[in-house]
Amino acid sequence: MMNRPDRVTFKKRQEEMLASIRSDIDSGILLPGDLIPSEQELSKQFQLSRNSVRGALEQLQNEQVVEKIANVGNKVTANQRKQPIQLKMGVYKSAYRDMAIEDLLHDYHKANPNVRIQLVTLPEEDSFQTIETYVQNNMLDLMTVNYTHFRQIQERGTLHELFEPLDDKPEVYPFLSNPYKTQDQVWLRPVIFSPVILCYNKKHFSEMGLLEPDSSWSWETLTEAAKALSEGHNRFGFYFFLLSENRWSVFLLQNGVRFTRHADGKLNIRHPGFTSMMEYCRELLFGQADRPLYMLESENDAELLFRQEKASMIITTYFNLNYFKDCDFPIDIAPLPSSGQYKTLLLNIGIAVSQFSTLKGEAVKFADYLISHAGQLAIRQHTYSLPSVKAIAESDGYKSEYLTLPSRFMMFREIFPTFNYYTELNLTPSEFNMIRKELRLFWANLETVEQFCDRMDQLL
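What counts as what
- Residues numbered from 1 in each chain as written.
- Predicted model: local features only at pLDDT ≥ 70, side-chain atom pairs only at ≥ 80, totals over all residues.
- Heavy atoms only, no water.
- Helix = DSSP H or I, 4+ residues; strand = E, 2+ residues; numbered from the N terminus.
- Buried < 20%, exposed > 50% of the residue type's maximum accessible area, 1.4 Å probe, protein only.
- Contact = heavy atoms within 4.5 Å.
- Areas by Shrake-Rupley, 256 points an atom, 1.4 Å probe, with all protein chains shown as cover.
- Lys, Arg positive; Asp, Glu negative; His and termini not counted.
- Charge placed at Lys NZ, Arg CZ, Asp CG, Glu CD.
- Axes fitted to C-alpha atoms, helices over the stretch in contact; angles between N-to-C directions.
- Left-handed = near helix turned anticlockwise from the far one by under 90°.
- Nonpolar A, V, L, I, M, F, W, Y, C, P; charged D, E, K, R; others polar.
- Parallel < 35°, antiparallel > 145°, perpendicular 65-115°, else oblique.
- Arc of directions from axis to C-beta.
- Phe/Tyr/Trp six-rings, centres within 6.5 Å; stacked < 30°, edge-to-face > 60°.
- Lys NZ or Arg CZ within 6 Å of the ring centre and 35° of its normal.
- Core = buried A, V, L, I, M, F, W, Y, C linked by side-chain atoms within 4.5 Å.
- Salt bridge = Lys/Arg side-chain N within 4 Å of Asp/Glu carboxyl O.

Regarding the overall build of the protein chain
Along the backbone of the protein chain there are 20 helices and 15 strands. The buried share among the 460 residues of the protein chain stands at 52%. Long-range contacts, defined here as pairs at least 24 residues apart, represent 72% of the contacts in the protein chain between residues at least 6 apart. Surface summary for the protein chain: the accessible area is close to 21,100 Å², and the carbon and sulfur share equals 48%. Of the charged side chains in the protein chain, 49 are positive and 59 negative, and the gap between their average positions amounts to 5 Å.

Here is the structure:
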């Protein structure tokens, strides 16, 4: 009697069987009208039960790849595509790394050799406008979309015009799926996520005889440690990229800032928590050994400083841990410190299918693959990004030959209650983006917070 394989082995054998049949058809080994191997032969070849083989063959039958003939077997249908199916997928540049896109496409093509996916790089800044243009001109079949860009598209009222509704997937964390639902329709399929966290150089802490960060740390504790780490060394004890939408807003969340509006609906920018926390946020960096406050130009320059050991602690994400795969010094992570409420920002990247696509079935199929066991496991094993499927993200049973995890990697499970989206600030996407961009002068120490508020009163 055949030993019953575990779930992972069973699924892998089924996928290998399907990939083998599809490959034989696409390569011409099996021609239209040819019988494929019998259920008994396939069962023996791939070590699957007859029922398992039959279930997998039903998938090929539903795809009209093979046709079941009673008392004969399954034969290759006559309407096989001569040319591969070409899907166009818009992808953030960072997603090539954070989602292990090339590994995912390689694995998907093995199982679906008749599908080719052409990648189109999307800009990270104001990408929602590019998405709208590309979709409306039928230049994309599916695309990655983050929470900020989703909210901007939602604000413009174009969700129904751009995206195809998708099935809800209960295996995905609800706190990732729920923000992408309107009136019981799901517009995005979450694929990866990350809270904003603290990352630190263990070697620096050991050399200075300092205790490593933990969940009890306040920003005052961090400031003291940063001073000790930088004193007498040519480095920052602590750094983060001020202009990032995913950094400065954390300080507002932790201070309980929730903006209000005047009677005419105009935003009241002069929330006392906002003004005090912006001053405090700037002082965190300004007070470090007279080093320049505003010296970096791009989103990941803080990570570059960290790689060069010019910063001992940075605010970062699980996504950006992917920059440190080959670091030659030990790193670890901790929750963000707090001087108010213990809160952090949640980042969430999903996949959407174009309303204009002529290949919606194939596009949805690939979107399904991204949160399948195989797709999510590939993300888990090739990246530090957190998969959106709970069972994969939280399992400690998957070992990766590509990664060595920080000792506190599973910390995210303990800080779920601290996760928040920037919308908790009661700002529209347009208001949030405008404030972020207009803070440049303040971050450069070229104006006071009062001058910033005066200027914003004129702009909002």
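Considerations on the packing of helix H5 (residues 101–111) against helix H16 (residues 373–382)
At their nearest, the axes of H5 and H16 sit 10 Å apart, and the two run at 145° to each other. Handedness of the H5/H16 crossing: right-handed. Note on element contacts: H16 touches H5 through Gly-375, Ala-378, Ile-379 and His-382, opposite Asp-103, Leu-104 and Asp-107. Split by residue class, the contact of H5 with H16 holds three nonpolar, two polar and two charged.

Observations concerning the packing of helix H18 (residues 429–438) against helix H20 (residues 449–459)
Two elements in contact, H18 and H20, have axes separated by 11 Å at closest approach and are oriented at 140°. It follows that H18 is oblique to H20 by the angle criterion. In this structure, H18 crosses over H20, and the sense of that crossing is right-handed. Contacts between H18 and H20 pair Met-434, Ile-435 and Glu-438 from the former with Phe-452, Arg-455, Met-456 and Leu-459 from the latter.

So, helix H15 (residues 360–370)
Glu-362, Ala-363, Phe-366, Ala-367, Tyr-369 and Leu-370 are the residues of H15 that are buried. An end-on view of H15 places all buried positions within 155° of arc, on one side of the element.

Things to note about the packing of aromatic side chains
The tally for this structure, following the rule as stated, stands at 33 aromatic pairs. Note that Arg-97 overlies the ring of Tyr-323, its terminal NZ or CZ placed 4.1 Å from the centroid. For Arg-282, the ring lying beneath its charged end belongs to Phe-442, and the centroid distance is 3.9 Å.

Some thoughts on unusual backbone geometry
With a phi close to 55°, Asn-138 is a non-glycine residue in the positive phi region. Tracing the sequence through the fold places Asn-138 in the loop between helix H6 (127–136) and strand E5 (142–146).

Some thoughts on the nonpolar core
Core analysis: the biggest nonpolar cluster contains 129 residues, and Phe-163, Phe-238, Trp-248, Phe-274, Met-313 and Ile-435 have the highest contact counts within it. In terms of residues, this core owes the most to one element, strand E8 (residues 189–201), which gives eight residues. Contact partners of Phe-274, with chain neighbours within four places excluded, come to Trp-248, Leu-252, Val-257, Phe-259, Ile-269, Ile-435 and Phe-452. The next biggest cluster of nonpolar side chains, apart from the first, holds 16 residues, and it includes Leu-42, Leu-48, Leu-57 and Val-65.

What about the pattern of salt bridges?
Under the counting rule described, the total for this entry stands at 26 salt bridges. Asp-98 is the partner of Arg-97 in a salt bridge, and the nearest nitrogen-oxygen pair spans 2.7 Å. Take Asp-98: its relative accessible area is 3%, and that puts it in the buried class. Residue Glu-303 pairs with Arg-247 through a salt bridge whose shortest N-O separation is 3.9 Å. Separated by 56 residues along the polypeptide, Glu-303 in helix H14 (residues 301–307) and Arg-247 in the loop between helix H11 (219–230) and helix H12 (248–254) bring together distant segments of the chain. Under the relative-accessibility criterion, Glu-303 is labelled buried at 2%.

Some remarks on H5
Buried within H5 we find Ile-101, Leu-104, Leu-105 and Tyr-108. Relative to the axis of H5, the buried residues are bounded by an arc of 95° and lie together on one face. Away from the buried face of H5 by more than 90 degrees, exposed residues Glu-102 and Lys-110 are located. Those residues of H5 that are buried lie in contact with strand E3 (85–92), helix H4 (93–98), strand E4 (115–122), H15 and H16.

Shape descriptors only; they carry no functional weight alone.
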